[in-house]
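Structural characterization, general
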Amino acid sequence: MIQALINLSRRNKQTLMVLFDSGAVIASIFLAFSLRLGYFYYPTGNNNLLLIMIASPVLALPIFYLFGLYREVIRYVGFKALWHINQAATLYAILWGLVSFMTAVENIPRSVILINWTLVMVMLSGSRLLARWLLSESNTNNDLLSKRNVVIYGAGSAGRQLSTALKE
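Residues numbered from 1 in each chain as written. Predicted model: local features only at pLDDT ≥ 70, side-chain atom pairs only at ≥ 80, totals over all residues. Heavy atoms only, no water.

Per-residue confidence for the protein chain averages 84 on the pLDDT scale, and 92% of its residues sit at or above 70. For the protein chain, helix α1 (residues 2-6) is the element with the lowest average pLDDT, namely 75, and helix α4 (residues 56-66) is the one with the highest, namely 93. (pLDDT = per-residue confidence, 0-100. Helix = DSSP H or I, 4+ residues; strand = E, 2+ residues; numbered from the N terminus.)

Here we come to the environment of Y76. Among the structural elements, Y76 can be located in the loop between α4 and α5 (79-102). Assessed through its relative accessible area of 63%, Y76 is described here as exposed. Measuring from C-alpha to C-alpha, the distance between Y76 and L37 comes to 38 Å, with 39 residues separating the pair along the chain. (Buried < 20%, exposed > 50% of the residue type's maximum accessible area, 1.4 Å probe, protein only.)

Moving on, we come to the packing of helix α2 (residues 10-37) against α4. As a packed pair, α2 and α4 sit with axes 9 Å apart at the nearest point and diverge in direction by 130 degrees. Taken together, the axis directions place α2 and α4 in an arrangement best described as oblique. Classified by chirality, the crossing of α4 by α2 is right-handed. Of α4, the residues touching α2 (which contributes V18, D21, S22, V25, I26 and I29) are S56, P57, A60, L61 and F64. Partitioning the contact of α2 with α4 into residue classes produces 8 nonpolar, 2 polar and 1 charged. (Axes fitted to C-alpha atoms, helices over the stretch in contact; angles between N-to-C directions. Parallel < 35°, antiparallel > 145°, perpendicular 65-115°, else oblique. Left-handed = near helix turned anticlockwise from the far one by under 90°. Contact = heavy atoms within 4.5 Å. Nonpolar A, V, L, I, M, F, W, Y, C, P; charged D, E, K, R; others polar.)

Glancing now at α2. Spanning 28 residues, α2 covers 40 Å between terminal C-alpha atoms, matching the ideal 40 Å at 1.5 Å per step. For α2, every residue scored as buried is listed here: Q14, M17, D21, S22, A24, V25, S28, I29, F30, A32, F33 and S34. Just downstream of α2 lies G38, where phi reads positive at about 90 degrees. (Expected span 1.5 Å × (residues − 1).)

A few words now on the nonpolar core. Judged by nonpolar contacts, the single largest core of 36 residues is most densely connected at F33, L49, F64, Y92 and W96. Listing elements by their share of this core, those giving two or more residues are α2, α3 (47-54), α4, α5 and α6 (111-143). Leave out the neighbours within four places in its chain, and Y92 touches V25, I29, S56, L59, A60, I63, F64, N116 and V120. (Core = buried A, V, L, I, M, F, W, Y, C linked by side-chain atoms within 4.5 Å.)

Together, M1, L5, L16 and L19 make up a nonpolar patch on the protein surface, roughly 450 Å² of accessible area in all. With relative accessibility at 82%, the residue M1 sits in the exposed group. (Patch = residues over 30% accessible without salt bridge, like charges linked within 9 Å, V, L, I, M, F, W, Y side chains within 5 Å. Areas by Shrake-Rupley, 256 points an atom, 1.4 Å probe, with all protein chains shown as cover. Salt bridge = Lys/Arg side-chain N within 4 Å of Asp/Glu carboxyl O.)

So this is what it looks like as structure tokens:
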């Protein structure tokens, strides 16, 4: 299955990431309400709140796109990508809180915004780090047999840089 994911085109991989992020944003809002209230929460009778909860990816995905979350190659996700996720999730949580309070929807505790922000960061960062780990594990298992020894002839900074690049 991992090999099938690796063989997908870049556009299909980005589409999968967008779909996962949409589901993660919606799930994080429902989970934030449920954690805050102490029971599984579903807004029955409050259609405006339900609409704001389900339409949250409409607000989140453009922010994530502007911060470059879909340009990153998952196999090489590092601290910079995690920092972009932090920034994008922070802006999304602030804007979602503003929209939810400006529309005067009742029954939204203020702590839900903070819980939602935390959950979005954990879900997005965790999913990308998990994908990185899975993809790097599949590559190391397949590439161990095909690796060849290399001799770097010459000394100096260029040789050290080449050695470091080959180790990566």
